[in-house]
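Architecture and fold: a report
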Amino acid sequence: DTAVSQTPKYLVTQMGNDKSIKCEQNLGHDTMYWYKQDSKKFLKIMFSYNNKELIINETVPNRFSPKSPDKAHLNLHINSLELGDSAVYFCASSQERWGLDISKNIQYFGAGTRLSVL
Amino acid sequence: QQQVKQSPQSLIVQKGGISIINCAYENTAFDYFPWYQQFPGKGPALLIAIRPDVSEKKEGRFTISFNKSAKQFSLHIMDSQPGDSATYFCAASRKGSSNTGKLIFGQGTTLQVKP
């Protein structure tokens, strides 16, 4: 059983289209995240949800809209896709945002969704 | 102040050698420092993590050394193996308002271990 699963694994689409990426975690964690990894492998946080509440919202174009229907799911919808949106998007989850017990801070990542905008 | 600087960008080590990757940070409020390992086509996976009240932590062949006064921490991979060939990321985060849990990643180091 995959702990953090993302679908689809690959997404190829035309500029201007709208697309969604889905994420599910079966770890019972309270916090979920979206990260973007660019072509140079740099990882940057985009959003974080804690118990379905948006906690972290980095400087991301408002074409990106996360939605958390429940604690186990965090989806990412992208409107009007641009060439610069091409990247690998990772979903992650952690038991807590911060805990005295270091193990509760661990963020578990999904396998990623490689988005290619043509 | 939010940056984590990682070096080297790439590293080639012979099998059995020691791989050393360094990271430096500026924000003294950071209080959690994990290292992640990423294989091609996979998501990052936690390797080892440390809090600043500990100067060293060892798990198997992997050791984190932490120097609070210098604001630096490093990953040492002893007896490096070809299977360790991957990209390694250091990261940092802190507790405090909306930034709690926000991981700031270093730029990554691509490690190649030659047989």
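Structure: see above.
Looking at the side chain of Thr-87 of chain B
For Thr-87 of chain B, the location among the structural elements is in strand S9 (residues 86–92). By relative accessible area, which is 5% here, Thr-87 of chain B ends up buried. A distance of 3.0 Å separates the side chain of Thr-87 of chain B from the side chain of Lys-41 of chain A, its partner in a polar contact. The contact partners of Thr-87 of chain B, leaving out residues within four places of it in the chain, are Lys-41 of chain A together with Tyr-36, Gln-37, Gln-38, Gly-108, Thr-109 and Thr-110 of chain B.

Considerations on the interface of chain B and chain A
A common measure of how large an interface is: the accessible area buried when the components associate. Between chain B and chain A, the contact holds 28 residues from the first and 24 residues from the second. Summing both partners gives a buried area of about 2,000 Å² for chain B against chain A, and 56% of it is carried by carbon and sulfur. If you sort the residues of chain B by the area they bury against chain A, Arg-51, Lys-102 and Phe-105 of chain B come out on top, with a joint share of 25%. Joining chain B to chain A, the criterion identifies one salt bridge. Its salt-bridge partner being Glu-58 of chain A, residue Lys-102 of chain B comes within 3.0 Å of it at the nearest N-O pair. Remark: the boundary between chain B and chain A carries eight residue pairs in polar contact (both at pLDDT 80 or more). Going through the elements one at a time, strand S4 (33–38), strand S5 (45–50) and S9 of chain B are the ones with two or more residues in the side of chain B that touches chain A. When residues of the side of chain B that touches chain A are assigned to their parent elements, the largest contribution, three residues, is made by S5 of chain B. In the side of chain B that touches chain A, the residues fall into nine nonpolar, 12 polar and seven charged.

Observations concerning the pattern of salt bridges
Think of it this way: side chains of opposite charge can pair up when their charged atoms draw near. Enumeration over the complete set of coordinates arrives at eight salt bridges over all chains. Close ionic contact of Glu-58 of chain A with Lys-44 of chain A constitutes a salt bridge, the shortest N to O distance being 3.5 Å. Of the two residues, Glu-58 of chain A is situated in the loop between strand S6 (53–57) and strand S7 (64–70) and Lys-44 of chain A in strand S5 (residues 43–50); the sequence distance between them amounts to 14 residues. For Lys-104 of chain A, the salt bridge goes to Glu-96 of chain A, with nearest N and O atoms at 3.9 Å. Beyond isolated ion pairs, a larger network of salt bridges with shared partners links Lys-44 and Glu-58 of chain A together with Lys-102 of chain B.

With respect to unusual backbone geometry
Here the residue pair Thr-7 of chain A and Pro-8 of chain A is connected by a cis peptide bond, since its omega of -5 degrees sits within 30 degrees of zero. The topology assignment puts Pro-8 of chain A in the loop between strand S1 (4–7) and strand S2 (10–13). Of note, the amide linkage connecting Ser-7 of chain B to Pro-8 of chain B takes the cis form, showing an omega dihedral of -5 degrees. Located in the positive-phi region is Lys-71 of chain B, a residue other than glycine, with phi close to 55 degrees.

Some words on the pairing of strand S7 (residues 62–67) of chain B
Residue and element names in this part refer to chain B. Pairing of strand S6 (residues 56–59) with S7, which is carried by four bridges, proceeds in the antiparallel orientation. Opposite Glu-56, over in S7, you have Ser-65 as the bridge partner. Once S6 ends, the chain turns through two residues before running back antiparallel as S7, passing Gly-60 with a positive phi of about 65 degrees. In the sheet, S7 pairs with strand S8 (residues 72–77) via six bridges, with the strands oriented antiparallel. For Ser-65, the partnering residue across the bridge sits in S8 and is Ser-74.

Points about the state of the cysteines
Scanning the model with the defined rule gives two disulfides over all chains in all. Between Cys-23 of chain A and Cys-91 of chain A runs a disulfide, and the two sulfur atoms are separated by 1.9 Å. Judged by the sign of its S-S torsion, about -75 degrees, the bond between Cys-23 of chain A and Cys-91 of chain A is left-handed. Within this pair, whereas Cys-23 of chain A is found in strand S3 (residues 19–25), its partner Cys-91 of chain A is found in strand S9 (residues 87–94), the two being separated by 68 residues in sequence. A relative accessible area of 0% means that Cys-91 of chain A is categorised as buried. What pairs with Cys-23 of chain B in a disulfide is Cys-90 of chain B, and their sulfur atoms sit 1.8 Å apart. Its torsion about the S-S bond being -95 degrees, the disulfide of Cys-23 of chain B and Cys-90 of chain B is classed as left-handed. With Cys-23 of chain B in strand S3 (residues 19–25) and Cys-90 of chain B in strand S9, this pair connects stretches of sequence that are 67 residues apart.

What counts as what
- Residues numbered from 1 in each chain as written.
- Chains lettered and ligands numbered in written order.
- Predicted model: local features only at pLDDT ≥ 70, side-chain atom pairs only at ≥ 80, totals over all residues.
- Heavy atoms only, no water.
- Helix = DSSP H or I, 4+ residues; strand = E, 2+ residues; numbered from the N terminus.
- Buried < 20%, exposed > 50% of the residue type's maximum accessible area, 1.4 Å probe, protein only.
- Polar contact = N/O pair within 3.5 Å; in protein donor to acceptor, adjacent residues only side chain to side chain.
- Contact = heavy atoms within 4.5 Å.
- Buried area = accessible area lost by both parts, 1.4 Å probe.
- Salt bridge = Lys/Arg side-chain N within 4 Å of Asp/Glu carboxyl O.
- Nonpolar A, V, L, I, M, F, W, Y, C, P; charged D, E, K, R; others polar.
- Pairing = 2+ DSSP bridges.
- Disulfide = S-S within 2.5 Å.

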